[in-house]
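Coordinates in review
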Amino acid sequence: MAVLDIQSLNVNYRGRRGIARAVRGLSLTIGEGETYGLVGESGCGKSTVALSIMRYLPKQAEADGQILFQGQDLMQASDAHLRHLRGNRIAMVYQDPQASLNPVLTIEKQLTEVLLTHQNYSHAEARQRALAMLERVRMPDPEYILRRYPHQLSGGMQQRVVIAMALLLNPDLVIMDEPTTGLDVTVEASVLDLLEGLRREFKMAILYISHNLGVIARICDRVGVMYAGELVEQADKQALFAQPHHPYTVSLLRCLPQRGTRHTDELLYSIPGRVPPLTDLPPGCVFAARCPLVQPACTAGVPALESVGSNHLARCFRWEAVRQQPALAAAVRPAPASAPAAGESSLLSVNHLKVYFKQAAGLLGWGQGGDVKSVDDVSFSLAPQQTLGIVGESGCGKSTIARGLAGLTAVTGGAVTFAGHDFTQPIERRSQNALRQMQMVFQNPDSTLNPRHTIRKTLSRPLRRFKVVPPEQETEHIIGLLRAVNLDETYLDRLPRQLSGGEKQRVAIARALAGGPQLVLCDEPISALDVSVQAAVLNLLRELQQERKVALLFISHDLNVVRYLADQVVVIYLGRVCESGPTEAIFNPPYHPYTEALVSAIPEANPNAASHAIRLEGTVPSPANPPTGCRFHTRCPRKIGAICETHEPPAQETGDGHTIYCHIPLDELAAMQTAEKPVQHL
Amino acid sequence: MEKPLHQPANFPLTVIRPRRVRIRWRRVFRSPTALIGAAILLFWVVMALVGPAIVPYGINDSEAGAVWKPPSDKHILGTDGLGRDLFSRLVIGAGQMVTLPPLAVGLAVLLGTSVGLLAGYRGGWFDEIVMRLMDVLMAFPVVMLYLIIIVAIGASAVNVVVAVAVATTPAISRLVRGLVLDLRNREFVAAARMRGESTAYILFQEILPNAAGPILVDGLVRIGYATFSIGALGFLGLGLPPPNPDWGRMASEARQAIILTPTAALFPSLAIASIVVGCNLLADGLRELARSEE
């Protein structure tokens with residue numbers, strides 16, 4: 001008997017704009033020991049499914065259908081029975097571990113509480129079990145962890161505690177809602193390793209919800225793809241990734257930059273349009289408006305979920321056509337002609353840049369008020385019309401570099417020369433012309449545009465400040481800008497809240513380009529966007545770079561994206577450069593051990609991808625008190641000895657402009673990194 | 001709500017922005033809370049406007065022998081200690097109660113917003129000094145602060161407004177400063193700085209419009225408090241000088257007849273309370289609407 005059997009689940013939310021039909025006719029089953037991945041973009045109803053199973057839906061939601069958990073219908077269960085099931089038999093792991101843990105209780109209290117409430121354990125027994133469970137989730141020094149409070153643990157450790165808490169009572173079903181989404185790639189990789197091991201060990205059924213196809217490919221047995229509240233495809237993992245039968249699945253996979261694809265080869269595939277509003281669904285297939293294979297029949301009737309192979313369901317009239325994929329293949333657009341090879345001249349040159357933040361001394365001057373060295377001696381240069389990628393984990397100082405260059409944060413030391421201007425000065429001292437040359441695209445689409453300003457106003461302001469066009473040509477010019485970012489004049493008088501995340505980011509790009517800059521700083525411009533939108537925004541940046549001859553400084557934690565887009569890459573760790581050079585050189589051995597770990601941590605949307613053994617434990621140390629010698633030595637899997645702790649690593653050049661800061665000789669590094677067989681890591 | 005999507009190409013560009021900071025009155029009808037609050041306030045505003053035309057007696061017409069009378073056909077709310085018609089005095093008194101509190105709060109919002117904007121945006125020592133000064137003002141018990149100010153500058157309509165404004169400013173500046181501390185770190189402010197915008201532009205065009213909603217709602221609640229304060233000042237004999245029909249003073253005078261004619265104290269008190277409640281209901285309703293809009 002299946003552990004979880006959902007039959008034609010419907011969930012509606014009553015809202016001011018009418019009834020949002022968040023989940024429609026969803027059926028799925030999860031067997032014992034099976035991991036079922038539910039994937040889709042945001043707003044497709046994945047989390048609503050999780051909440052319905054737990055019966056945690058808010059008051060304004062109405063659900064009908066059947067949710068059978070080991071044969072009992074949860075929809076009919078009494079509150080007392082549900083309370084018994086939750087935690088005991090069904091556990092849930094949420095995205096944000098900080099919100100799942102109580103900040104004022106020790107880890108011990110929180111773990112033992114689960115046992116004491118649900119089962120008749122004595123305190124001593126409960127503590128023993130908690131300890132054992134922490135060991136099973138591979139926590140170093142569990143005794144010590146038990147005495148800690150949540151804020152004393154890193155994000156990855158917190159998530160392990162939450163997972164331990166979920167597994168304490170040996171539940172039959174665990175629901176995981178984006179459990180690794182808020183974590184750094186390196187941390188995500190080790191949490192995924194852990195989950196992979198645990199699911200074998202515990203033989204529980206897992207419903208794993210994620211927007212990340214790479215994560216799904218690593219961890220799940222079967223996958224369901226949701227779009228606009230419907231299950232559009234379901235298959236075994238291998239079959240789904242090898243031969244998807246729904247155009248949406250195909251498109252999602254195609255949106256990801258493939259390993260090895262470069263911006264000079266081809267533009268990324270992107271899905272046009274956006275998810276239809278759930279309050280006002282189109283007749284016929286919900287994906288029809290965005291589908292490359294759409295036919296008149298698609299908008300006339302609603303396709304059913306039909307069998308297209310063994311254990312393979314797809315909700316598409318044209319699944320046979322999808323299998324052949326002619327139309328989808330034709331959708332690849334060749335990349336525009338590449339930028340002329342960079343000359344010797346450099347547009348931006350950064351030498352020994354330092355950005356320190358003063359740490360306030362304690363009360364009445366007690367305690368040490370040291371400096372937080374966010375960026376400590378970073379040098380790089382960027383040629384006109386080229387793209388420089390900056391990568392590293394969060395807290396490494398990537399964004400601080402951009403803010404320092406932009407003048408938003410005061411620079412402590414070093415020299416920055418940009419287009420002949422001295423750019424170490426704060427923004428207030430820079431001339432209007434200097435400001436015009438360097439603009440920025442920010443990370444958060446919800447705060448990048450002033451919510452009270454219409455798009456017209458947002459775009460007209462830089463035109464005026466930088467005196468781009470005479471006032472009477474302003475509207476015309478704004479429309480031109482909107483067209484350049486694939487929007488049109490209907491957006492002129494809209495407010496940001498009437499725009500989707502991707503559209504907001506397009507406007508932000510148009511704003512940055514309005515003054516005709518030579519350099520645009522992009523600080524994680526796509527990380528808050530859905531996969532399909534990411535691809536479109538990346539293509540846009542790429543095309544605009546060609547057309548308008550701008551250089552890009554592209555900051556991202558996503559190595560695949562940087563690899564696709566950048567000409568040059570700088571890898572940053574704790575405010576220092578680890579490695580810098582041309583993209584191809586960076587992504588091939590010899591790597592700096594840190595780069596190696598970052599590269600091997602990327603979850604790939606390919607279930608057969610080899611999993612590399614390089615894993616980083618712990619988190620980035622505090623920049624207020626960085627490790628001596630090589631800053632990476634505390635986490636380095638290839639540390640060679642005391643020299644790493646005492647001496648700063650030398651710059652080793654490979655000849656083609658590729659520099660690695662490491663004590664290990666380059667040929668040894670290369671030998672280690674190519675010889676090693678990929679190891680299945682648990 | 002829907003704006004026209006197309007503008008003719010020769011659309012005049014002098015229009016920088018339509019007024020965005022406005023309550024959408026049509027939407028107020030969606031919230032019963034806001035509607036009831038607005039109705040109560042509207043009632044008093046209408047009373048203040050048409051009052052002089054409808055009152056049966058003058059505010060100082062006293063009827064010999066008709067002292068502390070309960071409501072009757074002749075005097076629908078009864079009479080006071082000098083035989084004056086309470087209904088007429090209450091209606092005429094509404095005039096000052098619907099003008100002085102909004103004036104006082106308006107002044108306080110002006111002062112508090114300026115202080116809060118600057119302190120929040122500049123930060124550093126300027127913020128320290130200004131906010132500590134505001135803390136000093138806040139440290140006084142409010143009634144004590146009124147007493148000090150009114151005793152120092154005398155009781156008059158203008159001085160009452162000044163006193164209430166001074167006492168209300170610190171709280172508003174705190175609120176605005178808090179909002180600015182959040183807003184100034186938004187990316188759109190960084191974008192404005194990268195265009196070389198002036199501090200004034202950033203404060204008034206980028207930040208203030210986004211803080212206007214909470215300031216407005218808070219101001220509305222404070223109009224309620226201010227009404228209450230002005231009533232209290234009148235009660236303590238520090239309101240407008242005697243011939244004026246001051247609700248607070250009316251309630252205070254009626255204390256001596258509270259056993260005999262409780263209605264004489266009740267009606268002015270109820271009138272004050274209704275304005276306070278009206279303001280709070282409207283503010284709550286607006287807050288609710290703003291939240292549901294997000």
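Along each chain, numbering runs from 1 in the same order as the chain's sequence is written. A letter from A marks each chain and a number from 1 marks each ligand, given out in the order of writing. In keeping with the model being predicted, local features are shown solely for residues with a pLDDT of at least 70 and side-chain atom pairs are shown and tallied solely at 80 or more, while totals for entire chains, interfaces and linings include all residues.

A word on the overall build of chain A
Numbered from the N terminus, helices here are DSSP runs of H or I no shorter than four residues, and strands are runs of E no shorter than two. Along its length, chain A carries 26 helices and 24 strands. Its C-alpha atoms give chain A a radius of gyration of 26 Å, within 12% of the compact-globule value 26 Å for 682 residues. Taking all 682 residues of chain A together, 50% fall into the buried category. For every residue pair, C-beta atoms are placed from the backbone, and the pair is scored as a contact if these atoms sit within 7 Å. Counting only contacts in chain A whose residues sit at least 6 apart along the sequence, the fraction spanning at least 24 positions is 69%. As defined in this context, the radius of gyration uses C-alpha atoms, and a globule is described by 2.2 Å times the residue total to the power 0.38. Field definition: a residue is buried when 20 or more other C-beta atoms are found within 10 Å of its C-beta, exposed when 12 or fewer are, and partly exposed for counts in between, with C-beta atoms placed from the backbone.

A look at the overall build of chain B
Within chain B one finds ten helices and zero strands. Ordered by position in the sequence, the α and β elements of chain B form the string α-α-α-α-α-α-α-α-α-α. Considering only residue pairs separated by 6 or more positions, chain B has 71% of its internal contacts joining residues 24 or more positions apart.

Side note on the nonpolar core
Nonpolar cores are identified as sets of buried Ala, Val, Leu, Ile, Met, Phe, Trp, Tyr and Cys residues joined via C-beta atoms within 7 Å. By size, the foremost hydrophobic cluster in this structure holds 273 residues, and its most contacted members are Ala164(A), Leu207(A), Met440(A), Leu519(A), Leu521(A) and Leu553(A). No other element matches the twelve residues that helix α6 (residues 157-183) of chain B contributes to this core. Excluding anything up to four places from it in sequence, Leu519(A) contacts Leu347(A), Leu348(A), Phe418(A), Gln437(A), Met438(A), Val550(A), Ala551(A) and Leu553(A).

Thoughts on the sheet that holds strand β14 (residues 371-382) of chain A
All names here are of chain A. Pairing between two strands requires that DSSP report at least two bridges joining them. Taken together, the four strands give an open sheet; going across it, the order is β14-β13-β16-β17, and neighbouring strands pair in antiparallel fashion. Each having just a single partner strand, β14 and β17 (421-422) make up the two edges of the open sheet. Note that strand β13 (residues 348-358) and strand β16 (residues 413-418) share five bridges and pair antiparallel. Each residue of the ladder has a partner; that of lysine 354, found in β16, is glycine 413.

Examining helix α5 (residues 142-153) of chain B
All names here are of chain B. With twelve residues, α5 extends 17 Å between its outermost C-alpha atoms, agreeing within 8% with the 16 Å of an ideal straight helix rising 1.5 Å per residue. What α5 keeps buried is the set Tyr146, Ile149 and Ile150. The buried residues of α5 occupy an angular sector of 95 degrees when the element is viewed end-on, so they sit on one face. The outward face of α5, more than 90 degrees from its buried face, is lined by the exposed residues Met144, Val151 and Ala152. Buried-residue contacts for α5 involve α6 and α8 (199-235). Directly beyond the C-terminal end of α5, a positive phi value near 90 degrees is found at glycine 154. The span expected for a helix works out to 1.5 Å for each residue beyond the first. Picture the helix axis, draw a direction to every C-beta atom, and the arc is the one those directions span.

As for the pairing of strand β11 (residues 306-309) of chain A
Residues and elements named next belong to chain A. Bridge count between β11 and strand β12 (residues 312-314): three bridges; the pairing is antiparallel. From the neighbouring strand, serine 307 faces β12, where its bridge partner is leucine 313. Between β11 and β12, which pair antiparallel one after the other, the connecting turn spans two residues, and asparagine 311 there sits at a positive phi close to 55 degrees.

Some words on the interface of chain A and chain B
The interface of chain A with chain B comprises 27 residues on the first partner and 23 residues on the second. Going through the elements one at a time, α16 (432-437), β18 (438-441), α17 (445-448), α18 (455-465) and α19 (474-484) of chain A are the ones with two or more residues in the side of chain A that touches chain B. Ranked by residues supplied to the side of chain A that touches chain B, first place goes to α18(A) with four residues. The residue classification treats Ala, Val, Leu, Ile, Met, Phe, Trp, Tyr, Cys and Pro as nonpolar and Asp, Glu, Lys and Arg as charged. All others, Gly included, are polar. When its residues are assigned to classes, the side of chain A that touches chain B shows eleven nonpolar, eight polar and eight charged.

Some thoughts on the confidence of the model for chain B
Residues and elements named next belong to chain B. A score from 0 to 100, pLDDT tells how confident the predictor is in each residue. Confidence in the prediction of chain B, expressed as mean pLDDT, is 83, and 89% of residues score 70 or more. Of all secondary-structure elements in chain B, the lowest mean pLDDT belongs to helix α1 (residues 25-28), at 63, while helix α7 (residues 187-194) reaches the highest, 94. Within the model, pLDDT remains below 50 along residues 1-22, and this stretch shows 15 contacts once partners closer than five positions in the same chain are excluded. Both scores are available for the predicted complex, with the pTM at 0.82 and the ipTM at 0.82.

Observations concerning helix α11 (residues 247-255) of chain A
Extensive coverage of α11(A) is indicated by the burial of eight of its nine residues. Of the residues making up α11(A), those classed as buried are Pro247(A), Tyr248(A), Thr249(A), Val250(A), Ser251(A), Leu252(A), Arg254(A) and Cys255(A).

Notes on the sheet that holds strand β3 (residues 35-39) of chain A
Residues and elements named next belong to chain A. In spatial order, the strands read β6-β7-β8-β3-β9-β10-β12-β11; together these eight strands make up an open sheet with mixed pairing. The open sheet has two free edges, formed respectively by β6 (90-93) and β11, since each of these has just one partner strand. Mean inter-strand twist for the sheet, computed between neighbouring axes without regard to direction, equals 25 degrees. Relative to β12, strand β10 (residues 230-236) runs antiparallel, the two being bridged by two bridges. Within β12, the position partnered with glutamate 233 by the bridge is alanine 314. The strands touched by helix α1 (residues 46-54) are β3, β6, β7 (173-177), β8 (205-210) and β9 (222-227); relative to β7, the strand with the most contacts, the crossing angle is about 145 degrees. In this analysis an axis means a line fitted to C-alpha atoms, helices contributing only their contacting stretch, and an angle means the value between N-to-C directions, from 0 to 180 degrees. Sheet strands touched by helix α7 (residues 155-167): β6 and β7. Its angle to β6, the strand with the most contacts, is close to 175 degrees.

Structural notes on unusual backbone geometry
Residue and element names in this part refer to chain A. In this structure, proline 590 follows proline 589 across a cis peptide bond, with omega equal to 0 degrees. Looking at where proline 590 falls in the secondary structure, it is placed in the loop between α23 (583-586) and α24 (593-601). Positive phi, close to 55 degrees, is recorded for lysine 203, a residue that is not glycine. Within the element layout of this structure, lysine 203 appears in the loop between α8 (185-202) and β8. Given 12 C-beta atoms within 10 Å, lysine 203 falls into the exposed group. In the Ramachandran plot, alanine 419 falls in the positive-phi region, its phi being about 45 degrees despite a non-glycine side chain. Tracing the backbone through its elements, the reader meets alanine 419 in the loop between β16 and β17.

Side note on the pairing of β6(A)
Residue and element names in this part refer to chain A. Residues Ile90 and Met92 line one face of β6 and the alternating positions Ala91 and Val93 line the opposite face, and both faces are buried. Note: β6 against β7, four bridges, orientation parallel. Each residue of the ladder has a partner; that of valine 93, found in β7, is methionine 176.

A short note on the packing of helix α3 (residues 86-122) of chain B against helix α4 (residues 124-139) of chain B
All names here are of chain B. Between α3 and α4, whose axes approach to 7 Å, the crossing angle comes to 140 degrees. Along this stretch, α3 crosses α4, giving a crossing that reads as left-handed. Across the interface between the two elements, Val115, Leu118, Ala119 and Arg122 from α3 touch Gly124, Phe126, Asp127, Val130, Met131 and Met134 from α4. For the contact of α3 with α4, the per-class residue count stands at seven nonpolar, one polar and two charged. In this scheme, a crossing is called left-handed if the near helix is turned counterclockwise away from the far one by less than a right angle; it is called right-handed if the turn is clockwise.

Regarding the packing of α7(A) against α8(A)
All names here are of chain A. It is at 10 Å that the axes of α7 and α8 come closest, and there the two elements cross at 15 degrees. Accordingly, the angle class assigned to the pair α7 and α8 is roughly parallel. For α7 against α8, the interelement crossing comes out right-handed. Across from Gly155, Gly156, Gln159, Arg160 and Leu167 in α7, the residues of α8 making contact are Val187, Ser190, Val191, Leu194, Leu198 and Phe202. Across the contact of α7 with α8, the residue classes tally to six nonpolar, four polar and one charged. An angle below 35 degrees is read as roughly parallel, one above 145 as roughly antiparallel, one from 65 to 115 as roughly perpendicular, and any other as oblique.

Details of the environment of Glu32(A)
Residues and elements named next belong to chain A. Following the sequence through the fold, glutamate 32 ends up in the loop between β2 (18-30) and β3. When the 13 C-beta atoms within 10 Å are taken as the criterion, glutamate 32 is described as partly exposed. In contact with glutamate 32, other than residues within four places in its own chain, are Val3, Lys203 and Ala205.

Considerations on the confidence of the model for chain A
Model confidence for chain A is summarised by a mean pLDDT of 85, while 93% of its residues fall at 70 or above. Considering only residues more than four positions removed or in separate chains, one finds that residues 677-682 of chain A, a stretch of pLDDT under 50, has twelve contacts.

Some words on the environment of Leu492(A)
Here Leu492(A) lies in the loop between α19 and α20 (501-513). As for Leu492(A) and Glu201(A), which are separated by 291 residues in sequence, their C-alpha atoms are 57 Å apart.

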